[in-house]
Amino acid sequence: MRNGVAANDLMAPIRVANPKILILEDNQSDADLLLRELKRSGLSFTSRVVQNRETYEDALENFSPDIILSDYSLPSFDAVTAFAIKQSKCPHVPFIIVSGTIVDENAVELVKNGVTDYALKDKLLTLSTKVNRALNDTQAGKEKAFTDEKIKMQAAALIIANKELVFQNKEKEIRAADLVILSGNLKIQKDELYTANNLLIKQEEKVKTINLELSQLNLELEKRVVNRTKALAESETRFRNMIETIPQIAWTNTVEGEFIYYNQRWHDYTGLDHNQTKFLGFNVLIHPGDLKNVSDQFRSVLKIGDGGEFQIRGKRADGLYRWHLVRLMPIKNDAGLVQLWVGTATDIHELKLLQQQKDDFISIASHELKTPITSLKASLQLLDRIKDNPASPLLPKLITQANKSLDKVNALIDDLLEASNANDGQLHINQKPFVISKMIDECCYYVRAEEIYTITTEGDMDVEVYADAVRIEQIMVNFINNAIKYAPKSKAIRINIEKINDTAKISVSDNGPGIPPEQLRYLFDRYYRVDSSESQHTGLGLGLYICAEIIKKHKGQIGVNSVLGKGSTFWFTLPVAAGV
Ligand code: ADP
């Protein structure tokens, strides 16, 4: 019963604390009446009274009422419009019409349209109850709506949770299915792993076997390498020993021509150590005149690869060049490829000089023999022309000339024979004691006869030597003849006899041009002749050689002292006769 006051409505405590009540009333005394009635009911509230539409709309905005009490009709406004405005702005706020004139049909119509309640001004006793109920209903509606909303939200949350659960279930199912597949795969993989593992175990065993075989092979190879290295080291030591003991200079060089090793003889001969040799190179040791030829030959030997030999003049540590025969031998591997070159240099200087001397000797000997023979032939031709005229004054002259030529040929042949005999050890001497000064005096007779030269003999004139007088005379003649031949401007020839302990030293000096010091040591060699443009005399280069051989037989010494431009002294020593 809407218009009646229900016991429980009166009794019901108001649920909205200190509600805000908006009163739309143009009559102030009616408004006061309303307020008084509400206060009297014990309701605690806040209120605002408005009289027109403008203040009503402002209060809706700014006062925010919990309930509206409206007069039914106002001069410029009415409750129906006010209700419509309230519905559009705050539809949940309860709206009670308080009127003195409203008829029940209108009131029913208004309640049907949404107005919360109505009260008559002359029956205001029920107003507070209606206000309470409207407020409580609204609050309950609000709470219900809140609860409903909450329930709706919870239901929605439940639905979502349910959906989530369903989804999660599906996920789980999918995962379970995946797990089944995975488990299947894992099983396959496990089987595969098992098979692979078995295979690996087998392979490991095979590897172990192979490793064992390999380590045995390795051991075998190591043994072989050790043996081979030892053999190589031994062979290298043998090679080095051999290279060090041979009388030749020796070295090794690579296929490209780089020198690797030199024996001690190399260092002794060149005076260069390994680093100096490397730094200076091979070429500084070769005679400039042989350089081009040597580099061509060296290259061609290396190119052909079968070895070869050539002759060069190599510089000795003292700066002298000596002839060497260089031999290059390849060391090849099993495939026939050259691995290394071994080079040797043999000193052939003496041989070379000897050859040179021999060549010179043949040409000189031919020339020397030809000169007296040509002269002899000329004398004989002239004699032949005058043979029918024995009174011709030319006859004795030609015979003397022919004899001279013959003597010269004889002397040359004697020299040759003597030299040949001396060389074969066939030179015999017949030693007897004799006074050397006497023998010298006799043999100088022929020179003194020419009266061009003065020969003086000084020293110990009584010395008796134990020697072959004929051979010693031969030496003296040779020395004096040489002094005449090779020192023609020096007219004085001095002979000195000196007794030194058990020997007698005889020397022949001249004031001639002298002999270059570097040639002195070769003077007594066979076929040796000093090259001199000044000398017009020819000879076989045998005289001094024969002299040296004769003195050797007497166990004496022979030598020469010479100063260029001042003269030469040739000397020899002989044993003095026993008991002197
Ligand atoms: P040869 O028969 O040619 O004269 P020798 O053996 O007697 O030969 O002499 C050798 C060389 O010694 C000669 O070619 C000459 O040049 C040199 N010689 C010898 N005696 C003298 C000297 N008194 N003064 C300068 N040179 C000399």
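Everything quoted here is computed from the prediction, not taken from an experiment.

Our focus in this paragraph is the overall build of the protein chain. Each helix and strand in the protein chain was counted, giving 16 helices and 17 strands. Against the globule reference of 25 Å for 580 residues, the protein chain gives a C-alpha radius of gyration of 78 Å, more extended than a compact globule. A total of 580 residues make up the protein chain; the buried ones form 34% of that total. Sequence separation of at least 24 residues holds for 63% of the intrachain contacts in the protein chain that already meet a minimum separation of 6. Side-chain charges in the protein chain split into 71 positive and 76 negative, and the spacing between the mean points of these groups amounts to 3 Å.

Attention now goes to empty space enclosed by the protein. If you walk through the whole model with that rule in mind, you get 3 cavities of 30 Å³ or more. In this structure, the largest cavity occupies an estimated 140 Å³ of space. As for the largest cavity, its lining consists of 14 residues, and the residues nearest its centre are Trp266, Phe282, Ile312, Gly314 and Ala345. Partitioning the lining of the largest cavity into residue classes produces 10 nonpolar, 3 polar and 1 charged.

As a structural note, the neighbourhood of the ligand is formed by 19 residues, with Tyr486, Asp510, Arg529, Gly541 and Leu544 the closest of them. In the environment of the ligand, an oxygen atom lies 3.3 Å from a nitrogen or oxygen atom belonging to the side chain of lysine 485. In this structure, a nitrogen atom belonging to the ligand sits 2.9 Å away from a side-chain N or O atom of aspartate 510. Compared with its free state, where it exposes 540 Å², the ligand has 95% of that area covered by protein. Residue assignment for the shell around the ligand shows that the elements contributing at least two residues are helix H14 (469-486), helix H16 (543-553) and strand E17 (567-575). In terms of residues, the shell around the ligand owes the most to one element, H14, which gives 5 residues. Grouping the amino acids of the shell around the ligand by side-chain chemistry returns 10 nonpolar, 6 polar and 3 charged.

Now for the pattern of salt bridges. Scanning the entire structure with this criterion turns up 25 salt bridges. With a closest N to O distance of 3.1 Å, aspartate 306 and lysine 332 form a salt bridge. You can see aspartate 306 sitting in the loop between helix H9 (291-304) and strand E8 (308-315) and its partner lysine 332 sitting in strand E9 (residues 321-332), a full 26 residues away along the chain. Here the salt bridges do not stand alone but share partners, grouping Glu25, Asp30, Asp71 and Lys121 into one network.

With that settled, the discussion passes to the domain arrangement of the protein chain. Interfaces are often sized by the accessible area lost when the parts come together. By domain assignment, the protein chain separates into domain 1 (7-140), domain 2 (151-243), domain 3 (249-347), domain 4 (352-419) and domain 5 (432-575). Centre-to-centre separation of domain 1 and domain 4, based on C-alpha positions: 188 Å.

In space, the 5 strands of this open sheet follow the order E12-E14-E15-E17-E16, with mixed pairing throughout. Single-partner strands in this sheet number two, and they are strand E12 (454-459) and strand E16 (558-563). With direction set aside, neighbouring strand axes in the sheet form an average angle of 15 degrees. Strand contacts of helix H12 (residues 436-443): E12, strand E14 (492-500), strand E15 (503-509) and E17, with the helix running at about 165 degrees to E14, the strand carrying the most contacts.

In this section: the packing of helix H10 (residues 349-385) against helix H11 (residues 394-423). At a closest axis distance of 9 Å, the pairing of H10 and H11 adopts a crossing angle of 160 degrees. By the angle class used here, H10 and H11 are roughly antiparallel. For the element pair H10 and H11, the recorded crossing hand is left-handed. Residue-level contacts link Phe361, Glu368, Leu369, Pro372, Ile373, Ser375, Leu376, Ser379, Leu382 and Leu383 of H10 to Leu395, Leu398, Ile399, Gln401, Ala402, Ser405, Leu406, Lys408, Val409, Leu412, Ile413 and Leu416 of H11.

So, on to a nonpolar patch on the surface. On the surface, a cluster of nonpolar side chains totalling about 360 Å² of accessible area is made up of Ile210, Leu214, Leu217 and Leu221. With respect to the helices and strands, the residue leucine 221 is situated in helix H6 (residues 127-245). Given the relative accessible area of 41%, leucine 221 is considered partly exposed.

A few words on the layout of surface pockets. There is about 300 Å³ of room inside the second largest pocket. Looking at the second largest pocket, the residues that line it are Arg228, Leu232, Ser235, Glu236, Phe239, Arg240, Thr252, Ile260, Tyr261 and Leu340. Of all the secondary-structure elements, those providing two or more residues to the lining of the second largest pocket are H6 and strand E7 (259-262). Among the elements that line the lining of the second largest pocket, the one with the most residues is H6, at 6 residues. Summarising the domain contributions, the lining of the second largest pocket has at least three residues from each of domain 2 (151-243) and domain 3 (249-347).

Let us look at the packing of aromatic side chains. The full count for this structure, using the stated rule, is 10 aromatic pairs. Taken together, a centroid distance of 6.1 Å and an interplanar angle of 50 degrees make the contact between tryptophan 251 and phenylalanine 259 tilted. Assigned by exposure class, tryptophan 251 and phenylalanine 259 land together as buried. Summarising the aromatic geometry, the rings of phenylalanine 259 and tyrosine 262 are spaced 6.3 Å apart at their centres and angled 10 degrees between planes, so their arrangement reads as stacked. Summarising the burial analysis for this pair, phenylalanine 259 and tyrosine 262 share the class buried. Across the ring face of tyrosine 118, the terminal group of lysine 130 is positioned such that the distance to the ring centre comes to 5.3 Å. The ring centre of tryptophan 571 lies 4.6 Å from the NZ or CZ of lysine 505, which sits over that ring.

Turning next to the confidence of the model for the protein chain. When pLDDT is averaged along the protein chain, the result is 87, and 95% of the positions lie at 70 or above. Confidence over residues 1-12 falls short of pLDDT 50; this stretch has 17 contacts with residues more than four positions distant or in other chains.

Turning our attention to helix H4 (residues 79-89). Residues separated by three or four positions in an α-helix point in the same direction, a consequence of the helix having 3.6 residues per turn. For H4, the full list of buried residues reads Ala79, Ala82, Phe83, Ile85 and Lys86. For H4, the angular spread of the buried residues around the axis is 160 degrees, confining them to a single face. Residues of H4 that are buried in the fold lie against strand E1 (20-24), helix H3 (53-62), strand E3 (67-71) and strand E4 (95-99). For H4, the N-terminal cap is aspartate 78; the gap from its side-chain oxygen to the backbone nitrogen of valine 80 is 3.0 Å.

Before going further, it helps to spend a moment on H10. Here H10 is 37 residues long and its end C-alpha atoms lie 53 Å apart, about the 54 Å a rise of 1.5 Å per residue gives. Listed in full, the buried residues belonging to H10 are His349, Gln357, Phe361, Ala365, Glu368, Pro372, Leu376, Ser379 and Leu383. On its buried face, H10 sits against E9, strand E10 (338-347) and H11.

Before going further, it helps to spend a moment on unusual backbone geometry. One non-glycine residue, asparagine 18, lies in positive phi territory at about 45 degrees. In this fold, asparagine 18 is placed in the loop between helix H1 (7-11) and E1. Given the relative accessible area of 42%, asparagine 18 is considered partly exposed. Residue lysine 555 is not a glycine yet carries a positive backbone phi of 60 degrees. With respect to the element layout, lysine 555 can be found in the loop between H16 and E16. Exposure remark for lysine 555: the relative accessible area of 76% places this residue in the exposed category.

Calculation criteria
- Residues numbered from 1 in each chain as written.
- Predicted model: local features only at pLDDT ≥ 70, side-chain atom pairs only at ≥ 80, totals over all residues.
- Heavy atoms only, no water.
- Helix = DSSP H or I, 4+ residues; strand = E, 2+ residues; numbered from the N terminus.
- Rg over C-alpha atoms; globule rule 2.2 N^0.38 Å.
- Buried < 20%, exposed > 50% of the residue type's maximum accessible area, 1.4 Å probe, protein only.
- Contact = heavy atoms within 4.5 Å.
- Lys, Arg positive; Asp, Glu negative; His and termini not counted.
- Charge placed at Lys NZ, Arg CZ, Asp CG, Glu CD.
- 1 Å grid on protein atoms, 1.4 Å probe; cavity = no way out; pocket = protein on both sides within 12 Å on 5 of 7 lines; lining within 4 Å.
- Points joined across faces, edges and corners; volume = space filled by probe spheres on them.
- Nonpolar A, V, L, I, M, F, W, Y, C, P; charged D, E, K, R; others polar.
- Near = heavy atom within 4 Å.
- Polar contact = N/O pair within 3.5 Å; in protein donor to acceptor, adjacent residues only side chain to side chain.
- Areas by Shrake-Rupley, 256 points an atom, 1.4 Å probe, with all protein chains shown as cover.
- Salt bridge = Lys/Arg side-chain N within 4 Å of Asp/Glu carboxyl O.
- Domains from an automatic or database assignment.
- Pairing = 2+ DSSP bridges.
- Axes fitted to C-alpha atoms, helices over the stretch in contact; angles between N-to-C directions.
- Parallel < 35°, antiparallel > 145°, perpendicular 65-115°, else oblique.
- Left-handed = near helix turned anticlockwise from the far one by under 90°.
- Patch = residues over 30% accessible without salt bridge, like charges linked within 9 Å, V, L, I, M, F, W, Y side chains within 5 Å.
- Phe/Tyr/Trp six-rings, centres within 6.5 Å; stacked < 30°, edge-to-face > 60°.
- Lys NZ or Arg CZ within 6 Å of the ring centre and 35° of its normal.
- pLDDT = per-residue confidence, 0-100.
- Arc of directions from axis to C-beta.
- Expected span 1.5 Å × (residues − 1).

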